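Structural overview for review
What follows is each chain in one-letter form.
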Amino acid sequence: MTLTLLAVDVDATMETLRSEVREFIAEAVSTGKFVPDCDNWLAGWAPSFSAELAARGWIGMAIPQEYGGSGRGSLERYIVIEELLAAGAPIAAHWIADRQIAPALLRYGTERQKQEYLPKIASAQSFFALGMSEPGAGSDLAAIRTKATKVEGGWRLNGAKLWTSGGHHAHAMVVLARTSPIDVHSRHSGMSQFIVDLPAPGVTINPILLMSGEHHFNEVVFEDAFVSEDTVLGTIGDGWKQVTAELAYERSGPERLLSTFPLLTSMFRRLEATADAPEVELVALGTLLSRARSLREISMSIANALQRGEAPEVAAAVAKDLGTRFEQDVVDTALRILDGVCADASSSNKLERLLARAALHSPGFTLRGGTNEILRGVIARGLGLR
Amino acid sequence: MSDQELILIAETVDAIVTRAAATNRREGGKRQVDDTALKLLTEAGLRRVTVPGSAGGSDGELPQLAVVLKRLGYHAVNVALLEDHLAAELLAPHTDAVPKDMMTVSSRSDLIVSHVDGHIVVSGTCRHVPWSRTASLVVALAQSQAGQVLVALRSADASVTSHHNIAGEPRDHVTFDAVAPVVKVDDSASSLELRSRVLLYRSLSLLGAGERALDLTITHVMDRTQFGATLSRRQVVQHYIAEMFGALTATRAACDAAISTLTGGAGPATLATSLATRIEADRMASVVARLSHQLHGAIGFTHEHPLHLSTTRLTAWRQDDLSETACALELSRLVPGLGGPWDTLTDRRRWLQT
């Protein structure tokens, strides 16, 4: 088996769009609207910046106009988000809603759900969190125990979700829960998805601090939390199928290779400004750049495949496995070659600041969205090994 | 050009290789040219795919040539098609008399152009020239007072010492002593053209060799039983295979992008894409050669098993043209002129214009 991915031909419309985004970013940086940082799609929660992007039509680009989006499609969305990611812009607030929830709503949502949420997603008024992992279900997602019990007019949720990014800010979250008890012969059946507006009675959100001390993750506890019948997303019992269909989006995007790109750019600038730049450093950066180029080509061609309605699961697993390790390699290279530059979040030196964030966030790159070990299993299965 | 057309080309190369297989034997530890394969490839119009018809070519397109190079690399065929093709396409714009017989290209030479009695002559050595003993002409870059020039030299005018790479392929040292060039091209674009193309073409050959090594390895781990289960049941084996597959996917993506960039003509930006591609191919060669041997165990280390046909080439071809480190150094030095790392990655129009 080989992956045949069609190379993407970037047309003039996309290049015009790219220029517009670049101008906007340059202006935003120079006027202090944001300070570029690594991994800012996870850590940079900035509703007002999200609102500015929405005003330009750069959120909900894959949402049709009838639901308040710009309907420009996933390839043009790709151009916008890769520019924002490479520049280290703070896009965490709308990230999950724009990347994952909007496509899921378009695919599985009822008319009411689409009318209610899509326009607010596109206008950056509704930010979402995802409730998937649990204390006893990390890589083994099928082991979830959060339970939805049928009651009159709806469902009652009981259980706990873990690693819920942005849950403490979000307006709503999509929760994966068991609607029938686990069947050892068919572990993937009996799960369903619910849209839970936040805050809500019976839902408690507890912070879990990252090792950097930052608050992005949460534990979300459900204690007899009631949700009405029309909060069911898609079909009862199809939760697993619906969730895995989203994974190609979640695993192949440019955020799986560009989380540390601002650091790479900064390293190149430093060498440009150095007379007689050491060859060993130039070699290290050239090697990283060659890898970034391949990864971007893979990622873009998957975006192209998604636009055509395909769900290239194996390709997406390759993109994330290689992409996230590349993100870590950028950090490791910085630590290896930057003599006299120390990771320091309080530094006035941009490179030291970027390195501090990148180094502290680095372990998460190869964990979030499915650990790389799980992804390699997906690749092996695709090759017929298991 | 449709996918079907490219598949047809691949199938044609595969069929030719099968027919020629009987003559593809190792003799005296050194590889001989596979004359049968070469003849069949020539008859099928696959020898000089993108070269103009006037120079013995088929007026084809780069993606078609890419398929031929990949499949020949896959089958480890002993033909100097890469070098002959490159020599022909470099000479074709500058001479009406492109030879029909085989030529080669040297990408590692210290040739110098000088004037002796009013005649232009070339002196110096081309080291490790692929298949020079079967080539009528050696095409190479030479240093003149005006800068780098492209020259074509008769191999009959050279003194040749026989050498081989570790795959057993001829890599002779070819020395010229005040030899008159058959062709001399002062166009500085020729240098970029030669270097951009040879790096991409070698990457495609490496990709083919790597694909074969992976196929052999998958077959082996699904067949071989130890501790009561096939090797493929072991998670660590699955992860090694995923590692190889990932490296090959990255190389393929790099090659595809370089092909579409190079289709617009050579420049500093196309050189950058070719350098980046070759870095990926060399990384892949390292990963795939190492892990395919590890997963084959001792049997893969024998002469009898075909794995070495791929892995010795993966190792030998990494050393042709330019090392991975030299590629990375040169790529980094091109980046400021291309607008920085992000522009280098994204701005394909600019890449095409420069």
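Residue indices follow the written sequence of each chain, beginning from 1 at its first position. Each chain gets a letter, beginning with A, and each ligand a number, beginning with 1, in the order they are written. For a predicted model such as this one, the threshold for reporting local features is a pLDDT of at least 70, and the threshold for listing and counting side-chain atom pairs is 80 or more; totals across whole chains, interfaces and linings nevertheless cover every residue.

1. Comments concerning the overall build of chain A
A run of DSSP states H or I qualifies as a helix once it reaches four residues; a run of E qualifies as a strand once it reaches two. Both are numbered from the N-terminal end. Counting its secondary structure elements, chain A contains 12 helices and 8 strands. Computed over its C-alpha atoms, the radius of gyration of chain A comes to 21 Å, within 12% of the 21 Å expected for a compact globule of 386 residues. On the principal axes, the C-alpha backbone points of chain A span a range of 75 × 45 × 40 Å. Burial in this document is a count-based property: other C-beta atoms within 10 Å of a residue's C-beta are tallied, and the residue is buried at 20 or more, exposed at 12 or fewer, or partly exposed in between, with C-beta positions derived from the backbone. Within chain A, the proportion of its 386 residues that are buried is 52%. Working definition of a contact: two residues with C-beta atoms, positioned from the backbone, lying within 7 Å. Pairs at least 24 residues apart make up 74% of the contacts formed inside chain A by residues separated by at least 6 positions. Only the C-alpha atoms count toward the radius of gyration. The rule for a globule is 2.2 Å times the residue count to the power 0.38.

2. Comments concerning the interface of chain A and chain B
Each side of the interface is counted separately: chain A has 37 residues, and chain B has 35 residues. Elements with a contribution of two residues or more to the side of chain A that touches chain B: helix H8 (261-272), helix H9 (279-307), helix H10 (313-337) and helix H12 (372-382) of chain A. The element best represented in the side of chain A that touches chain B is H9 of chain A, accounting for 16 residues. Gly is put with the polar residues, along with every residue not named as nonpolar or charged; the nonpolar set is Ala, Val, Leu, Ile, Met, Phe, Trp, Tyr, Cys and Pro, and the charged set is Asp, Glu, Lys and Arg. For the side of chain A that touches chain B, a count of residues per class yields 20 nonpolar, 7 polar and 10 charged.

3. Here we look at helix H2 (residues 35-43) of chain B
All names here are of chain B. All of the buried residues in H2 are Ala37, Leu38 and Leu41. Each buried residue of H2 sits inside an arc of 100° when the element is viewed along its axis, so together they form one side. As for H2, its buried residues are in contact with helix H1 (3-20) and helix H4 (81-91). Of the residues flanking the end of H2, it is Gly45, one or two places downstream, whose phi is positive at about 75°. Here the arc refers to the directions that run from the helix axis out to each C-beta atom.

4. What about helix H6 (residues 235-262) of chain B?
Along its 28 residues, H6 of chain B runs 40 Å from first to last C-alpha, staying within 8% of the 40 Å computed at 1.5 Å per residue. Across the 28 residues of H6 of chain B, 22 count as buried, placing the element largely inside the fold. By this rule, a helix spans an expected 1.5 Å times one less than how many residues it contains.

5. What to know about the domain arrangement of chain A
Residues and elements named next belong to chain A. Reported domain spans reflect what an automatic or database domain assignment gives. When its domains are assigned, chain A resolves into domain 1 (12-126), domain 2 (130-237) and domain 3 (253-382). Using C-alpha coordinates to define each centre, domain 1 is positioned 22 Å away from domain 3. Listed by partner, the interface residues are 16 residues for domain 1 and 18 residues for domain 3. For the side of domain 1 that touches domain 3, the class distribution of residues is 9 nonpolar, 3 polar and 4 charged.

6. A few points about the packing of helix H5 (residues 92-108) of chain A against helix H6 (residues 111-122) of chain A
All names here are of chain A. Axis definition: a line fitted to C-alpha atoms, over the contacting stretch in the case of helices. Angles run 0 to 180 degrees between N-to-C directions. Close contact between H5 and H6 brings their axes to 10 Å; oriented N to C, the two are set at 160°. By the criterion of interaxial angle, the relationship of H5 to H6 is roughly antiparallel. For the element pair H5 and H6, the recorded crossing hand is left-handed. In contact with Ala97, Asp98, Ile101, Ala102 and Leu105 of H5, H6 contributes Gln113, Lys114, Tyr117, Leu118 and Ile121. The class makeup of the residues in the contact of H5 with H6 is 7 nonpolar, 1 polar and 2 charged. We call two directions roughly parallel when the angle between them is under 35 degrees, roughly antiparallel when it is over 145, roughly perpendicular when it lies between 65 and 115, and oblique otherwise. By the definition used in this description, the sense in which the near helix is turned from the far one sets the handedness, with an anticlockwise turn below a right angle giving left-handed and a clockwise turn giving right-handed.

7. So, the environment of Leu209 of chain A
Residue and element names in this part refer to chain A. Position of Leu209 among the secondary structure elements: in strand E6 (residues 203-209). Residues Leu209 and Trp163, 46 residues apart in the sequence, show an inter-C-alpha distance of 9.9 Å. Contact partners of Leu209, with chain neighbours within four places excluded, come to Glu214 and His215.

8. Thoughts on the nonpolar core
Burial of nonpolar side chains together is a common tendency in soluble globular proteins. One finds Phe194 of chain A together with Val139 and Val288 of chain B to be the most contacted residues of the largest nonpolar core, which totals 227 residues. In terms of residues, this core owes the most to one element, H6 of chain B, which gives 15 residues. Those residues in contact with Phe194 of chain A that sit more than four places away from it in its chain are Ala148, Trp155, Leu157, Val175, Ala177, Val227, Thr231, Val232 and Leu233 of chain A. Residues of type Ala, Val, Leu, Ile, Met, Phe, Trp, Tyr and Cys that are buried and joined through C-beta atoms within 7 Å form what is called a nonpolar core.

9. Some words on the domain arrangement of chain B
Residue and element names in this part refer to chain B. Entries for chain B in the domain assignment read domain 1 (3-88), domain 2 (102-187) and domain 3 (190-353). Computed over C-alpha atoms, the centres of domain 1 and domain 3 are 20 Å apart. If you look at the interface, domain 1 gives 12 residues, while domain 3 gives 18 residues. Among the elements of the structure, helix H3 (62-75) and H4 are those that each provide at least two residues to the side of domain 1 that touches domain 3. Tallied by class, the residues present in the side of domain 1 that touches domain 3 amount to 9 nonpolar, 1 polar and 2 charged.

10. Here we look at the packing of helix H4 (residues 74-86) of chain A against H9 of chain A
Residue and element names in this part refer to chain A. For the pair H4 and H9, interaxial distance at closest approach is 9 Å and the crossing angle is 150°. Classified by the angle between their axes, H4 and H9 sit roughly antiparallel to one another. Residues Ser74, Leu75 and Tyr78 of H4 form the contact with H9, whose own contacting residues are Met300, Ala303, Asn304, Leu306 and Gln307. Class assignment for the residues of the contact of H4 with H9 results in 5 nonpolar, 3 polar and no charged.

11. Description of the sheet that holds strand E1 (residues 103-116) of chain B
Residues and elements named next belong to chain B. Two strands make a pair as long as DSSP finds a minimum of two bridges between them. Ordered by their spatial adjacency, 7 strands build an open sheet running E5-E6-E2-E1-E3-E4-E7, and the pairing between neighbours is mixed. The outermost strands of the open sheet, each flanked by one partner alone, are strand E5 (159-161) and strand E7 (183-185). Sheet twist, expressed as the average angle between the axes of neighbouring strands with direction ignored, equals 25°. Here H4 sits on the sheet in contact with E1, strand E2 (119-130), strand E3 (137-144), strand E4 (147-154) and E7, set at roughly 45° to E1.

12. Observations concerning the pairing of E4 of chain B
Successive residues of a regular strand alternate their side chains across the two faces of the sheet. Residue and element names in this part refer to chain B. Two elements, E3 and E4, share 8 bridges in a ladder whose sense is antiparallel. Its bridge partner lying in E4, Gln143 is registered against Gln148. With antiparallel pairing between neighbouring strands as the criterion, E3 and E4 make up a hairpin whose turn holds 2 residues. Inspection of the sheet shows E4 paired to E7 by 3 bridges, in the antiparallel sense. The residue bridging Leu150 from the neighbouring strand is Val185, located in E7.

13. Structural notes on the confidence of the model for chain B
Residue and element names in this part refer to chain B. For chain B, the mean per-residue pLDDT works out to 93, and 94% of the residues sit at or above 70. As a per-residue measure, pLDDT reflects the predictor's confidence and takes values from 0 up to 100. Low confidence marks residues 26-30, where pLDDT is under 50. Its contacts with residues over four positions away, or in another chain, come to 6 contacts. For this predicted complex, the interface confidence comes out at an ipTM of 0.94, alongside a pTM of 0.95.

14. Side note on the pairing of strand E3 (residues 154-161) of chain A
All names here are of chain A. Bridge count between strand E2 (residues 147-151) and E3: 5 bridges; the pairing is antiparallel. Among the inter-strand pairings, Lys147 is bridged to a residue of E3, identified as Asn158. Linking two consecutive strands that pair antiparallel, namely E2 and E3, is a turn of 2 residues; a positive phi of about 80° is found at Gly153 within it. Two strands pair when backbone bridges link them, and E3 and strand E7 (residues 215-228) are joined in this way by 7 bridges, in the antiparallel orientation. Among the inter-strand pairings, Arg156 is bridged to a residue of E7, identified as Phe226.

15. Thoughts on the environment of Ala148 of chain A
Residue and element names in this part refer to chain A. As for its placement among the helices and strands, Ala148 is situated in strand E2. On the neighbour-count criterion, Ala148 (28 C-beta atoms within 10 Å) is buried. C-alpha separation for the pair Ala148 and Met191, spaced 43 residues apart in sequence, amounts to 9.1 Å. Beyond its immediate sequence surroundings of up to four residues, Ala148 is in contact with Trp155, Leu157, Ala177, Arg178, Thr179, Ser192 and Phe194.

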